[in-house]
Amino acid sequence: TLASASSSSDSDTGGASPPPRKKARASPAAAAEGAGEPGASAGRAGLTSSQSPSLPAGLVPAAAPLRGSSSSASSGGSAMQANGAGGGQQQQQQPPQGPELGCLGAQNGEASAGTAAGEQLAHANGLLPSANSGGGSPGGLSVNNGVPAAGGPGTAAAELGGGGGSALKKKKRLSQSDEDVIRLIGQHLHGLGLNQTVDLLMQESGCRLEHPSATKFRNHVMEGEWDKAENDLNELKALVHSPHAIVVRGTLELFQSSYLPPSVMLPPRRLQNLLRQAVELQRDRCLYHNTKLDSNLDSVSLLIDHVCSRKQFPCYTQQILTEHCNEVWFCKFSNDGTKLATGSKDTTVIIWQVDPDTHQLKLLKTLEGHAYGVSYIAWSPDDNYLVACGPDDCSELWLWNVQTGELRTKMSQSHEDSLTSVAWNPDGKRFVTGGQRGQFYQCDLDGNLLDSWEGVRVQCLWCLSDGKTVLASDTHQRIRGYNFEDLTDRNIVQEDHPIMSFTISKNGRLALLNVATQGVHLWDLQDRVLVRKYQGVTQGFYTIHSCFGGHNEDFIASGSEDHKVYIWHKRSELPIAELTGHTRTVNCVSWNPQIPSMMASASDDGTVRIWGPAPFVDNQDIEGECVRMPVF
C-alpha cells in the first residue's frame, strides 16, 4: 500500500522505534533561501500524490502534476521524489550544503538541470505524481510508480544528489529495445501533433527522439531553407555513415535517412512501417488467407492476431452440375471469371454463366459435335474464343466463337495427327497445338498453318508472355522451351517420370506439374530447380490437371485418383484441405481467377462440383473452426 501523507509521528504511534535515519526538516524560509542561492540549478518542486493504493501505477493522470507543481511550491517546501522513496508527513530534511537540484531529470536516475523553483516538474521513473491531496502535507509526498519508501510510514525521503554527500539510488537503466520503442512511439505521436506529450515522454524516459542537428536539418528542408540545410550538413558529417555521400546524393536523399543512422534520425514513419510489416507477415503465415486486404493499417485491428477461418475457404460444395451425361474430363474458368467451360466424353462443351451476386452457375450454351469427346479447353486472352481438343486418337481441333456459339474453325492437318493440347499466344491472334504423334503447329484464327516443329511428341503446351517461347512437355519426361523466331530450343525441366500435364503461374516464374506415380511438383523456371513436392494426392498414369488459385495465386489445387480434391498452400507440402464428394477420379480442377473463393472440379462420375465457403452456421456448431482470438 502507499505511504500516506498524513502518517502519524513516532510519538503519535505510542513509542514506535524511530527510523534508522532522520533529518531535520528544512523550514519554508530555508527552502526558499536555498532556491535563490547562486549556482543553484533549480528550486524544489514538491508534488503530492492523489494515487490511491488500489489504483494501478500506470493510470495516474498526467495533467494533475502540472497543476501541482505551482501549488506545492507555494506550500513552502516539498520532499522530492527519487527512485521510489516516499516520505511521511513528519519527515525532515537537512538544507543542502552545496548547489541544489530542484528537480530530478529522467536521465535514468541521474540529476539534470531544471528551471526556477516551483516551475520544473520532478520525475524519476516514467510516472507523474498528482496534485497535493490526502492529508494536506505542506511538503507533499514523493512517489515513484506508487512504491513507498523502504521502512514504511515515517521513513526519511532519499536525498537529491548535488549536496550533503547524499547517495541517490540508481534506477534500472532502460534496455536498448526499450529506448527504441520509446523513440518509435515518440515519432508517431509527433506525427499526430502531440508535441507536448512527446516532450514529456522524452523527459521522463531520458531518451532523445533524434539528434538536435538532425532536427534542425529536417526543419530547414521542410521549410525550403536550403542554404541553412546545407550548413546543417557540416554538423551532420561526423554522424553520417559515409560523409562523402552527402555531396554525391544531395540533401533530399540525406533527409530521407539514406545515410543518417537511426540513432541520429529515425526513418520516416518507422512505427507504421513495422506494424504494416507485422500485419503482412501474419497474413503470409495464415494458411487460409484468401482475400485482398487494404495495406492501410486502418483496415485491420492491431489488438488481435490475424487468423482466417477454414469456413471462409472454398472447401464446401455450393452446387453440383449434372448436365453432362458421361465422364467430365476438363473444366476451365474464363479469364474474366464470368464463365466456366466444361468438356466431356459425351462429345459436348457446356459454357456456364457465373452469377456475380450469388455465385451460382447456370447453363449458357452447349457446343456439340466433338466426335471423340473433349479432353482439353483453352480460352483466348479476351475470352471471345474457345479452342477444344480431344483425346489421344483425335486429329481434329474446334475453334468456337463464345458470343455467338458458332464454330469458326475446325482444323485437321492430317488424319494421323493427334491434336490433344492447345495454348494461346498472348496476342490472341495465334495459338499452338500438337500431340504425341511427333509435331506441333502454330496457327492463326482461321486454322492456317504459320509454323511447325517436327519431332516432338507433345503432352502439354504453354505460351509464355514474351510471345515468342512455347513450353512443351514431351515423352522424354522433360519440359523444353521452343522459340519460333530464332528456331532455338532449350531444356528447362527434367523429371524422372512422365509429365502428364503442367500449368504456369501468371508471372511466368513457377510451373506446376502432375507427374505420373509421383504427384504434384512445383518448379522454379527461372532457376530451373524443383521447389516442392506436394503430398497426399494419388496420381497414376491418368491425365490430371492441377491449377494455381486463390488471392495472389497462393494456393494449389489438384484432382486425384482417390476421388478427392486436394488443396495446398503454395509454401506447404502437406494439404490444408481434402475435399470429398466425387465418387470417381477427379480429372481437373479450376480456380476462378476473379473470385478467389470459387473453384470447380470435373470428375469421371459425370458431375462438376462448384466449391465455395461454408454457408452461415452458428459458431457453436462449427467444430474446429479457426477464429480471431485476442492476444493478451
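Definitions and limits used
Residues numbered from 1 in each chain as written. Predicted model: local features only at pLDDT ≥ 70, side-chain atom pairs only at ≥ 80, totals over all residues. Heavy atoms only, no water. Helix = DSSP H or I, 4+ residues; strand = E, 2+ residues; numbered from the N terminus. Buried < 20%, exposed > 50% of the residue type's maximum accessible area, 1.4 Å probe, protein only. Contact = heavy atoms within 4.5 Å. Areas by Shrake-Rupley, 256 points an atom, 1.4 Å probe, with all protein chains shown as cover. UniProt positions renumbered as here; feature names shortened; annotations may be inferred. Pairing = 2+ DSSP bridges. Axes fitted to C-alpha atoms, helices over the stretch in contact; angles between N-to-C directions. Core = buried A, V, L, I, M, F, W, Y, C linked by side-chain atoms within 4.5 Å. Parallel < 35°, antiparallel > 145°, perpendicular 65-115°, else oblique. Left-handed = near helix turned anticlockwise from the far one by under 90°. Nonpolar A, V, L, I, M, F, W, Y, C, P; charged D, E, K, R; others polar. Salt bridge = Lys/Arg side-chain N within 4 Å of Asp/Glu carboxyl O. Expected span 1.5 Å × (residues − 1). Phe/Tyr/Trp six-rings, centres within 6.5 Å; stacked < 30°, edge-to-face > 60°.

An unreviewed UniProt entry annotates the protein chain as WD repeat-containing protein 26 originating from Pavo cristatus.

Trainee: Is there a simple way to explain the overall build of the protein chain in this structure?
Mentor: Broken down by element type, the protein chain carries eight helices and 28 strands. Across the 632 residues that make up the protein chain, the buried fraction comes to 47%. Pairs at least 24 residues apart make up 53% of the contacts formed inside the protein chain by residues separated by at least 6 positions. In the structure as shown, the protein chain presents an accessible area of about 30,100 Å², 49% of it carried by carbon and sulfur atoms.

Trainee: Just checking my understanding: could you explain the UniProt feature "repeat: WD" (unreviewed entry) in the protein chain for this structure?
Mentor: In the numbering used here, UniProt assigns the "repeat: WD" (unreviewed entry) feature to residues 321-355, 367-398 and 579-611. A distance of 15 Å separates the end C-alpha atoms of residues 321-355, which is 0% helix and 54% strand. The span residues 579-611 carries 0% helix and 48% strand; its end-to-end C-alpha distance comes to 9 Å.

Trainee: Any chance you could explain the pairing of strand β13 (residues 449-454) here in plain terms?
Mentor: The two faces of a sheet get side chains in turn, since along a regular strand they alternate between them. In this sheet, β13 lies alongside strand β12 (residues 439-444) in antiparallel orientation, the contact comprising five bridges. By the bridge assignment, Q439 is partnered in β13 with E454. Joining the antiparallel neighbours β12 and β13 is a turn of four residues, in which G447 adopts a positive phi near 85°.

Trainee: Would you take a moment to explain the sheet that holds strand β24 (residues 565-569) for this structure?
Mentor: Note on sheets: strands pair through backbone hydrogen bonds, and any given pair is parallel or antiparallel. Across the sheet, which stays open at both edges, the four strands sit in the order β22-β23-β24-β25 with antiparallel pairing between neighbours. This sheet does not close on itself; its edge strands, each paired only once, are β22 (547-549) and β25 (577-579). With direction set aside, neighbouring strand axes in the sheet form an average angle of 25°. Across three bridges, β22 lies against strand β23 (residues 555-559) in antiparallel orientation. Bridging across to β23, G549 finds its partner in F555.

Trainee: When you look at the UniProt feature "domain: TPL/SMU1 LisH-like dimerisation" (unreviewed entry) in the protein chain in this model, what are you seeing that I'm missing?
Mentor: Under the feature "domain: TPL/SMU1 LisH-like dimerisation" (unreviewed entry), the UniProt entry names residues 177-207. Between the C-alpha atoms that bound residues 177-207 there is a distance of 12 Å. The span itself is 84% helix and 0% strand.

Trainee: How should the nonpolar core be read in this particular structure?
Mentor: The nonpolar side chains of soluble globular proteins are, as a tendency, buried together. Ranked by internal contacts, the top residues of the largest apolar core, which has 45 residues, are L340 and L386. The residues touching L386, leaving out its near neighbours within four places in the chain, are A341, V349, I377, A378, W379, W398, L399, W400 and V402. In this structure, Y316, C547, W591 and W611 belong to the second largest nonpolar core, which totals 20 residues.

Trainee: It is not clear to me how the packing of helix α3 (residues 176-191) against helix α4 (residues 195-205) should be interpreted in this structure. Could you clarify?
Mentor: Helix-helix packing is described using two parameters, namely the angle between the two axes and the distance between the axes. One way to put it is that α3 packs onto α4 with a least axis distance of 8 Å and a crossing angle of 165°. What the angle tells us is that α3 and α4 run roughly antiparallel. Our pair here, α3 against α4, has a crossing hand that is left-handed. Residue-level contacts link I182, I185, G186, L189 and H190 of α3 to N195, T197, V198, L201, M202 and S205 of α4. Classifying every residue of the contact of α3 with α4 by side-chain character gives six nonpolar, five polar and no charged.

Trainee: Teacher, can you tell me more about the pattern of salt bridges here?
Mentor: Should their charged atoms come close, side chains of opposite charge can pair. Evaluated as defined, the whole model comprises 10 salt bridges. Here R509 makes a salt bridge to D524, at a shortest N to O gap of 2.7 Å. Linking R509 in the loop between β18 (499-504) and β19 (510-515) with D524 in strand β20 (residues 519-524), this pair joins segments that are 15 residues apart in sequence. Judged by its relative accessible area of 30%, R509 is partly exposed.

Trainee: Would you explain α3 in this entry?
Mentor: Look at α3: 23 Å from first C-alpha to last across 16 residues, which is about the 22 Å you get at 1.5 Å a residue. Among all positions of α3, only I182, R183, L184, G186, Q187 and L189 are buried. Those residues of α3 that are buried lie in contact with α4 and α8 (270-285). Just past α3, the residue G193 takes up positive phi, approximately 85°.

Trainee: Before we go on, may I ask you to explain the environment of R276 in this structure?
Mentor: Looking at where R276 falls in the secondary structure, it is placed in helix α8. Spatially, the C-alpha atoms of R276 and L302 are 9.7 Å apart, while their sequence positions differ by 26 residues.

Trainee: Just to check I follow, could you spell out the packing of aromatic side chains for this structure?
Mentor: Each aromatic ring pair is described using two quantities: the centre-to-centre distance and the angle formed by the ring planes. Tallied over the entire structure, the rule returns 13 aromatic pairs. Where F440 meets Y482, the ring centres are 5.4 Å apart and the plane angle is 70°; that geometry is what we call edge-to-face. In this pair, F440 is assigned in strand β12 and Y482 in strand β16 (residues 478-483), connecting sequence segments 42 residues apart. Classification of Y482 as buried rests on a relative accessible area of 2%. Taken together through their ring pairs, the aromatic side chains of Y288, F313, F555 and W591 make up a single cluster.

Trainee: What should I look at first to understand the environment of R571 in this one?
Mentor: Locating R571 in the fold gives a position in the loop between β24 and β25. Residue R571 is classed as partly exposed on the basis of its relative accessible area of 37%. Separated by 49 residues in sequence, R571 and L522 place their C-alpha atoms 9.9 Å apart. When near neighbours in sequence (up to four residues on either side) are disregarded, R571 contacts D284, R285, C286, L287 and R532.

Trainee: Would you take a moment to explain the side chain of S590 for this structure?
Mentor: Within the secondary structure layout, S590 lies in strand β26 (residues 586-591). On the basis of relative accessibility, which here comes to 3%, the residue S590 falls in the buried class. Residues in contact with S590, not counting those within four places in the same chain, are C331, K332, F333, C547, M599 and A600.

Trainee: Whenever I open this one, the sheet that holds β20 confuses me. Can you help?
Mentor: If you trace the four strands from one edge of the open sheet to the other, you get β18-β19-β20-β21, paired in antiparallel fashion. A strand with exactly one partner marks an edge of an open sheet, and here the two such strands are β18 and β21 (529-534). Geometrically, the sheet is characterised by an average inter-axis angle of 25° between neighbouring strands, direction not taken into account. Judged from the five bridges that link them, β20 and β21 form a sheet pairing that is antiparallel. Bridging across to β21, H521 finds its partner in K533.

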